[in-house]
Amino acid sequence: VANATGCSSIYGGNLPTTPWTHDRAGRGPAWSNSLFEDNAEFGFGYRLTLDKHAEMSRELLHALSGDLGEAFVGELLNAPQKTREDVAAQRVRVEQLRVKLAKIRKPEAANLLSIADSLVNRSVWIMGGDGWAYDIGYGGLDHVMASGRNVNVLVLDTEVYSNTGGQMSKSTPRGAVAKFAAGGKKTGKKDLGLLAMSYGNVYVARIALGANPRQALRALVEAEAYEGPSLVLAYSHCIAHGIDMTAGFKQQKLAVDCGHWPLFRFNPQLADQGQNPFQLDSKAPTVPLKDYAYNEVRYRMLSHSAPEEAALLIKLGQDDVNKRWKLYQEMAARPGA
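Each value, and the rule that gives it
- Sequence order as written defines the numbering, with residues in each chain counted from 1.
- Reporting in this predicted model follows two pLDDT cut-offs: at least 70 for local features of residues, and 80 or more for side-chain atom pairs to be given and counted; totals over whole chains, interfaces and linings ignore these cut-offs and use all residues.
- The basis for every side-chain value is the complete set of non-hydrogen atoms in the structure, without hydrogens or water.
- Think of it this way: any DSSP run of H or I at least four residues long counts as a helix, any run of E at least two long counts as a strand, and we number them from the N terminus.
- The rule is simple: take the accessible area with a 1.4 Å probe, protein chains only, and divide by the maximum for that residue type; under 20% is buried, over 50% is exposed, in between is partly exposed.
- Between two residues, a contact is recorded if the distance between any of their heavy atoms is within 4.5 Å.
- Pairs of N or O atoms within 3.5 Å make up the polar contacts considered here, provided that, within protein, one atom can donate a hydrogen while the other can accept it, and that residues adjacent in sequence are counted only when both atoms are side-chain atoms.
- Both cavities and pockets are sets of points on a 1 Å grid over the protein atoms alone; in a cavity a 1.4 Å probe fits but cannot get out, in a pocket the set is open with protein on both sides within 12 Å along at least five of seven lines, and lining residues sit with an atom within 4 Å of a point.
- Grid points are joined across faces, edges and corners, and a volume is the space filled by probe spheres set on the points.
- Charged residues are taken to be Asp, Glu, Lys and Arg, nonpolar residues to be Ala, Val, Leu, Ile, Met, Phe, Trp, Tyr, Cys and Pro, and polar residues to be all remaining types, Gly included.
- What makes two strands pair is DSSP finding at least two bridges between them.
- Comment: axis = line fitted to C-alpha atoms, over the contacting stretch for helices; angle = value between 0 and 180 degrees taken between N-to-C directions.

Undergrad: Can you walk me through the overall build of the protein chain in this structure?
TA: Within the protein chain one finds 15 helices and eight strands. Burial analysis of the protein chain (337 residues in total) assigns 46% to the buried set. The contacts in the protein chain between residues at least 6 apart in sequence include a share of 69% that link residues at least 24 apart.

Structural data, given as structure tokens:
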């Protein structure tokens, strides 16, 4: 896990309450915190390093096949690693490999012993907030998405720079008040998911745990299984929204119900099967945007200080919702390839 500096790195790396832990076998995520602006590149380095180690391991296995046995080497190289059971079986083989390597007096054996774990597939997750992903770190994120490499990105979207005091980001919706947008943000929210989908080979999902936990779990499982870049955008309620945080999941559901945060999954593998890769997982909006927005101080405060401007911006915000929903509906209705 490569974690951009921000709220998630603070509550994620704050001992002794860190959520990053290990199982009974001592296995768990290797977590590290990078700079705010280069986290995508930092996590990409994980992927490149792991892939290089795996390549070196395969070359050394071939070189030592006479000592290790052709059949055993073939099992190590060709073993499927799609399921938990597959991975567990590969770990057993790697332990057997270690025993064999300890008895071989060759420099190649010592080299392979040092990187043998790379023969077990490793998952790489790059995570951070919207200030990083939509804004300051977007150039690096776009580069990583375009690489085609097997990395997963989780964006915890609070729609504002939360950790640094609530500045406007490109994810901030129209009409919301934030630092550098004291009169309400005049422009609409950047559609990062749509930008990533334009590549055609990136798995993209938008989730909201408070609205549909089943869809959120399914998206995360699909992103992990996808052999290529994946991007998961997760609605993250925040104290900067000006809400009672105990009602955060209710507000997440309202965000989906009003169409501000439509849920979807875009899986390029479906296109390869002749199906429409875009699946719209939420229903058409059932409540107006203002019923969601005016539960939050970041919207409501403008209605007190500048009611005419607030009325205009909430109307434009509703137009944003309607246009985006129409676009997503059209995408979901397209026939398969």
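Undergrad: Is there a simple way to think about the side chain of Ser9 in this case?
TA: Within the secondary structure layout, Ser9 lies in helix H1 (residues 7–12). Judged by its relative accessible area of 7%, Ser9 is buried. Side-chain polar atoms of Ser9 contact the backbone oxygen of Gly6, separated by 2.9 Å. Discounting chain neighbours no more than four positions away, the residues touching Ser9 are Asn3, Ala4, Trp31 and Asn33.

Undergrad: I would appreciate a short explanation of the layout of surface pockets in the present structure.
TA: It is the rolling of a water-molecule-sized probe over the atoms that shows where space remains empty. Its volume calculated, the largest pocket comes out at about 2100 Å³. Listed by contribution, the elements that provide at least two residues to the lining of the largest pocket are helix H2 (39–63), helix H4 (70–78), helix H5 (84–101), strand E3 (125–129), strand E4 (152–157) and helix H10 (213–225). Classifying every residue of the lining of the largest pocket by side-chain character gives 22 nonpolar, nine polar and 13 charged. Computed from the structure, the second largest pocket encloses a volume of approximately 340 Å³. In terms of lining, the second largest pocket is formed by 21 residues, of which the most central are Gly6, Cys7, Gly129, Ser162 and Asn163. Of all elements in the fold, only H1, E3 and helix H7 (130–136) reach the threshold of two or more residues within the lining of the second largest pocket. Within the lining of the second largest pocket, the residues separate by chemical class into eight nonpolar, 12 polar and one charged.

Undergrad: For this particular structure, what's the right way to read the sheet that holds E3?
TA: Strands pair in a sheet through their backbones, by hydrogen bonds, and they do so in one of two ways: parallel or antiparallel. Here we have eight strands laid out as an open sheet, ordered E2-E1-E3-E4-E6-E5-E7-E8, and mixed in their pairing. Each edge of the open sheet carries a strand with a single partner, namely strand E2 (32–34) and strand E8 (278–280). Taking each pair of neighbouring strands and ignoring which way they run, the sheet shows an average axis angle of 15 degrees. Pairing analysis gives three bridges linking strand E5 (residues 203–207) to strand E7 (residues 264–266), with the strands arranged antiparallel. Each bridged residue has a counterpart across the sheet, and for Arg206 the counterpart in E7 is Phe264. Along the sheet face, helix H15 (residues 307–333) touches E5, E7 and E8 and points at about 125 degrees away from the line of E8.

Undergrad: Looking at this model, I keep getting lost on the pairing of E3. Mind explaining?
TA: On a regular strand, each side chain points to the face opposite its neighbour's, so the side chains alternate between the two faces of the sheet. In terms of burial, E3 is a largely internal element, four of the five residues being buried. With two bridges joining them, strand E1 (residues 2–4) and E3 adopt parallel strand pairing. Across the sheet, the residue bridging to Asn3 is Met127, located in E3. Where E3 lies against E4, five bridges are found, and the strand directions are parallel. Looking at the pairing, Ile126 lines up with Val153 of E4.

Undergrad: Where do I start with unusual backbone geometry in this structure?
TA: Only a minority of non-glycine residues have a phi that is not negative, and only a minority of peptide bonds are not trans. The phi dihedral of Glu159 falls on the positive side, at around 65 degrees, and the residue is not glycine. The residue Glu159 is located in the loop between E4 and helix H9 (192–197) in this model. Residue Glu159 is classed as buried on the basis of its relative accessible area, which comes to 1%. Phi is positive for Phe180, close to 75 degrees, though the residue is something other than glycine. Along the polypeptide, Phe180 turns up in the loop between E4 and H9. On the basis of relative accessibility, which here comes to 70%, the residue Phe180 falls in the exposed class.

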